[in-house]
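Summary of the model geometry
Listed below, chain by chain, are the residues.
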Amino acid sequence: MSAVTFRPIRHTHFTLWLLSGIALLGFACRLYQINTPSLRGDEAFTVMHWMREPLALSLSSLVTIDPQPPLAYASYRAFALLVGSGEGSVRLLSALVSTIGIAACGALGSRLVGRRAGLFAALCYALSPAIVWHAQDARNYALWAAISPLALLAALRALYRQRPRDWVIYVLLAVAACYLYYLELIFVATLN
């Protein structure tokens, strides 16, 4: 088995400015006309049941109707308690968390291949029509797509450094990703 390649990131100021610009561009894409289309059926369901019902009720009754992991319900419920569940703010959680995914993909590309690959990965994630569409959707897919690369990045760091705290961070992020979207279990099983 080959050794794990984990390049330390040594960004220049220009690279950091460029990555920040890519993240801002991606955030702008996520906010652009975010509330133009009306809520779809799944999004209306998210508002009615995930955001407006008490979490205990959602977890007990929705498991058979809309089988999503519990952190998806909890994330949207907590967000609704913080900013409300009005039509103007429903899609904002996905847009905000998806922006974190831009930086995560950039860091992952930088660590695995190099600085240019990291910037290209961040740009692809920032401008991908599918990812932007999910980032404007009041469901848990954009949250998972942002946390999953963070978990992979933490796993690579833990493999490289072999420090207990890095393993704890990886496990916490992997569990969070699994509790946001069940498909993450396939990634965790493959990685482990």
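See the structure shown above.
Now for a description of the structure that goes with this document. Computed from a prediction, not measured in an experiment: that's the story for all the values here. (Residues numbered from 1 in each chain as written. Predicted model: local features only at pLDDT ≥ 70, side-chain atom pairs only at ≥ 80, totals over all residues. Heavy atoms only, no water.)

**Notes on the overall build of the protein chain**
Our working definition: Under the DSSP-based scheme used, a helix requires at least four consecutive residues in state H or I and a strand at least two consecutive residues in state E, with every element numbered from the N terminus. Only C-alpha atoms enter the radius of gyration; for comparison, a globular chain is expected to reach 2.2 Å times N to the power 0.38, where N is the number of residues. Relative accessibility thresholds used throughout: buried, under 20% of the residue-type maximum; exposed, over 50%; partly exposed, between the two (1.4 Å probe, protein chains only). Between two residues, a contact is recorded if the distance between any of their heavy atoms is within 4.5 Å. What sets the accessible areas is the Shrake-Rupley method with a 1.4 Å probe; for residues, cover comes only from the shown protein chains. None of His or the chain ends enter the tally, which takes Lys and Arg as positive and Asp and Glu as negative. Charge positions come from single atoms, namely NZ of Lys, CZ of Arg, CG of Asp or CD of Glu.
For the protein chain, the helix and strand inventory stands at 10 helices and zero strands. The linear arrangement of helices and strands in the protein chain, starting from the amino end, is α-α-α-α-α-α-α-α-α-α. Taking 16 Å as the expected radius of gyration for a compact globule of 192 residues, we find that the protein chain reaches 18 Å, a close match to that expectation. Its C-alpha atoms give the protein chain principal-axis dimensions of roughly 50 × 35 × 25 Å. For the protein chain, buried positions account for 42% of its 192 residues. Restricting the contact set of the protein chain to residue pairs at least 6 apart, pairs at least 24 apart contribute 72%. For the protein chain, the exposed area adds up to about 10300 Å²; of that, 70% sits on carbon and sulfur atoms. Charged side chains of the protein chain number 15 positive and 8 negative; the gap between the two group centres comes to 18 Å.

**Things to note about the pattern of salt bridges**
Going by this rule: Any carboxyl oxygen of Asp or Glu within 4 Å of a side-chain nitrogen of Lys or Arg constitutes a salt bridge here.
The tally for this structure, following the rule as stated, stands at five salt bridges. Between D137 and R40 there is a salt bridge, with its nearest N and O atoms 2.5 Å apart. You can see D137 sitting in the loop between α7 (129-135) and α8 (141-161) and its partner R40 sitting in the loop between α1 (13-31) and α2 (41-51), a full 97 residues away along the chain. Judged by its relative accessible area of 31%, R40 falls in the partly exposed class.

**Section: the side chain of S148**
As for its position among the elements, S148 is in helix α8. Aside from chain neighbours lying at most four places away, what touches S148 is A177, E184 and F187.

**Things to note about the packing of aromatic side chains**
How two aromatic rings sit relative to each other is set out by the distance from centre to centre and by the angle between their planes. Threshold: Pairing of aromatic rings covers Phe, Tyr and the six-membered ring of Trp, with a centre-to-centre limit of 6.5 Å; geometry is then stacked below 30 degrees between planes, edge-to-face above 60, and tilted otherwise.
For the structure shown, the criterion picks out six aromatic pairs. Aromatic pair W144 and Y181: ring centres 4.7 Å apart, planes at 40 degrees, arrangement tilted. Taken as a pair, W144 in helix α8 and Y181 in the loop between α9 (164-180) and α10 (184-191) lie far apart in primary sequence, 37 residues in all. Clustering of aromatic rings is evident, with ring pairs tying together Y141, W144, Y181 and F187.

**Structural notes on the layout of surface pockets**
For the record, the criterion: Definitions used throughout: a 1 Å grid over protein atoms alone; a cavity as a set of points that fits a 1.4 Å probe which cannot get out; a pocket as an open set with protein on both sides within 12 Å along at least five of seven lines; a lining residue as one with an atom within 4 Å of a point. Grid points are joined across faces, edges and corners, and a volume is the space filled by probe spheres set on the points.
Considering only enclosed or pocket space, the largest pocket measures out at about 190 Å³ in volume. Along its surface, the largest pocket is lined by W144, A145, S148, P149, A151, L152, Y170, E184, F187, V188, T190 and L191. Listing elements by their share of the lining of the largest pocket, those giving two or more residues are α8 and α10. Of all the elements, α8 adds the most residues to the lining of the largest pocket, at six residues.

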